[in-house]
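Inside the fold
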Amino acid sequence: MEKREKEGNIASKINATGKMNRSVQIVTNSIETAEGDGFVVHRSFPSRSIRNIDPFLLLDEMGPLVLLPHEEKGFPDHPHRGFVTVTYMLEGRFEHKDSQGNSGMLGPGDVQWMTAGSGLVHSEMPEKELSKSGGTLHGFQLWINLRKNDKWIRPDYQDVPSTKIPIVNTPDGKVSIKVIAGNYLNTKAVIRTLTPILYLHFTLQPGGEVVPPVPENYNAFAYVISGNGLFGKDNVIGDKKNLIVFKNDGNYTSIRVPENAQSSLDLLLIAGVPLNEPIVQYGPFVMNTQEEIDNTLEDYRNGRIGKIQT
Ligand code: FE
């Protein structure tokens, strides 16, 4: 791939107007791990080098996992308390059930923004038809921390079908942007968030370039789903399954794919205002103190976080 071709690109032009392009702090690889009942995920963080990216606690690429007929793998009954889980499906269908009697289906392009708040127990399993005949599951799960007071709010779901997610295309037709949370220029997402969050899915064709605004006080990172491209002020190369963490040294970033690239680039750009609060985590429980974790474990043992009725 052609690299560091800084001259004449949009990024340097905007620089001249006084705005600052963010530089890249670190590029890491996601690591394959087994979750749930053996479902393979590619975890970009937490990792040895990155504990969290406040307010974000975890990003997993689920699969892509090819299920054989009658092979059932997923995330059976488990609890959450104190944060938000965001599931974004790319391929295949997941069926969701919880201890409050909610259930639903998530298909390609759909997003479930689940505020676990004070807590619930849920399961996320491949839909029955897919388990029967086999197929591919591919998607993302992001964990977003909640502020101290928001940890005790009632659990809340925003199930958003792909058709409701706004898509922006650049005038040259080389870039499309799905606005999952926050906004891209004048296009606003339909999902509501408790603290400011940006969640964008970009697809760039060869020769495509974007300079998405990312306020300086947001912590920001990108995750490459497929292809490769050049990121930030120094045109750092980001490849498939790379996590690219940006420094807080600018109010936009740049992403581009050289004209002669062999394939398009698909990536997530995720950013949010840090909470700057203490984090005490025990698996699927994220609180501010050890005492709150101890109480949560006690609540869970005594069935106070809930149970899925079968
Ligand atoms: Fe879960």
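All of these numbers come straight from a predicted model, not from anything done at the bench.

**Thoughts on the coordination of the iron ion**
A four-donor tetrahedral metal ideally has 109.5 degree angles, and a six-donor octahedral metal ideally has angles of 90 or 180 degrees. Those protein atoms acting as donors to the iron ion are His-78 (NE2), His-80 (NE2), His-122 (NE2) and Glu-124 (OE), and they sit at 2.1 to 2.7 Å. In this structure, the iron ion is coordinated by four donor atoms arranged in irregular fashion, with angles at the metal of 81 to 175°. Summarised as a motif, the one-chain spacing of the donors to the iron ion is H-x1-H-x41-H-x1-E. Of the two residues, His-80 sits in strand β5 (residues 75-80) while His-122 sits in strand β10 (residues 120-126), which places them 42 residues apart along the sequence. For the pair formed by His-80 and His-122, the shared burial category is buried.

**Describing the sheet that holds strand β11 (residues 135-145)**
Sheet strands associate in pairs through backbone hydrogen bonding, adopting either a parallel or an antiparallel arrangement. Overall, antiparallel pairing links the seven strands, which are arranged β2-β3-β4-β11-β6-β9-β12 in an open sheet. What marks the edges here is a single partner per strand, and that holds for β2 (31-35) and β12 (156-160). Ignoring strand direction, the axes of neighbouring strands in this sheet form an average angle of 20°. One ladder, built from five bridges, connects strand β6 (residues 83-91) with strand β9 (residues 111-115); its direction is antiparallel. Each residue of the ladder has a partner; that of Val-84, found in β9, is Thr-115.

**What about the sheet that holds strand β20 (residues 229-231)?**
What the four strands build is an open sheet, ordered β18-β23-β20-β21; its pairing is antiparallel. Strand pairing shows two members of the sheet lacking a second neighbour, β18 (209-210) and β21 (236-238), which therefore form its edges. Two elements, β18 and strand β23 (residues 255-256), share two bridges in a ladder whose sense is antiparallel. Paired with Val-210 across the bridge in β23 is Ile-255.

**Focus on the layout of surface pockets**
Of the pockets and cavities examined, the largest pocket occupies roughly 340 Å³. Around the largest pocket, the lining comprises 18 residues; the ones closest to its centre are Glu-35, Arg-43, Phe-75, Gln-141 and Trp-143. When residues of the lining of the largest pocket are traced back to their parent elements, those giving at least two are β3 (39-45), β4 (56-67), β5 and β11. Residues belonging to the lining of the largest pocket are distributed by class as follows: nine nonpolar, five polar and four charged. By volume, the second largest pocket amounts to about 230 Å³. Taken together, 13 residues line the second largest pocket, and the ones lying closest to its centre are Glu-95, Lys-97, Ser-123, Met-125 and Lys-128. Put simply, the parts of the chain that give the lining of the second largest pocket at least two residues each are β7 (94-98), β10 and α2 (128-133). Within the lining of the second largest pocket, the residues separate by chemical class into three nonpolar, five polar and five charged.

**Quick word on empty space enclosed by the protein**
Applying the stated criterion to the full structure yields one cavity of 30 Å³ or more. Of the voids in this model, the largest cavity is the one considered here, and its volume is about 30 Å³. Lining the largest cavity are Thr-87, Phe-94, Glu-95, His-96, Leu-106, Gln-112 and Glu-124. In terms of residue count, β7 provides more of the lining of the largest cavity than any other element does, three residues in total. Class assignment for the residues of the lining of the largest cavity results in two nonpolar, three polar and two charged.

**Topic: the packing of aromatic side chains**
This structure, assessed with the given rule, holds ten aromatic pairs. On the numbers, 5.3 Å between centres and 85° between planes, the contact of Phe-45 with Phe-221 is edge-to-face. One end of the pair, Phe-45, is in strand β3; the other, Phe-221, is in strand β19 (residues 219-226), and 176 residues separate them in sequence. Taken individually, Phe-45 and Phe-221 each receive the classification buried, so the pair is uniform in this respect. Taking the centre distance of 6.0 Å and the plane angle of 45° together, the rings of Phe-75 and Phe-94 count as tilted.

**Here we look at the domain arrangement of the chain**
The domains assigned to the chain are domain 1 (2-26 + 164-272) and domain 2 (31-162 + 281-299). The C-alpha centroid of domain 2 is placed 25 Å from the C-alpha centroid of domain 1. Residue-level contacts link 26 residues of domain 1 with 32 residues of domain 2. There are one salt bridge connecting domain 1 and domain 2. Across the pair Glu-61 and Lys-241 runs a salt bridge whose closest N-O atoms are separated by 3.5 Å. Taken together, the links from domain 1 to domain 2 amount to nine residue pairs in polar contact (both at pLDDT 80 or more). Only β14 (175-181), β17 (197-204), β19, β22 (242-246) and β24 (265-272) provide two or more residues apiece to the side of domain 1 that touches domain 2. Across the side of domain 1 that touches domain 2, the residue classes break down as 17 nonpolar, five polar and four charged.

Reading the values: the criteria
- Residues numbered from 1 in each chain as written.
- Predicted model: local features only at pLDDT ≥ 70, side-chain atom pairs only at ≥ 80, totals over all residues.
- Heavy atoms only, no water.
- Donors = N, O, S within 2.8 Å, 3.2 Å for Na, K, Ca; no water.
- Tetrahedral: all angles 85-135°; square planar, octahedral: opposite > 155°, others 65-115°.
- Helix = DSSP H or I, 4+ residues; strand = E, 2+ residues; numbered from the N terminus.
- Buried < 20%, exposed > 50% of the residue type's maximum accessible area, 1.4 Å probe, protein only.
- Pairing = 2+ DSSP bridges.
- Axes fitted to C-alpha atoms, helices over the stretch in contact; angles between N-to-C directions.
- 1 Å grid on protein atoms, 1.4 Å probe; cavity = no way out; pocket = protein on both sides within 12 Å on 5 of 7 lines; lining within 4 Å.
- Points joined across faces, edges and corners; volume = space filled by probe spheres on them.
- Nonpolar A, V, L, I, M, F, W, Y, C, P; charged D, E, K, R; others polar.
- Phe/Tyr/Trp six-rings, centres within 6.5 Å; stacked < 30°, edge-to-face > 60°.
- Domains from an automatic or database assignment.
- Contact = heavy atoms within 4.5 Å.
- Salt bridge = Lys/Arg side-chain N within 4 Å of Asp/Glu carboxyl O.
- Polar contact = N/O pair within 3.5 Å; in protein donor to acceptor, adjacent residues only side chain to side chain.

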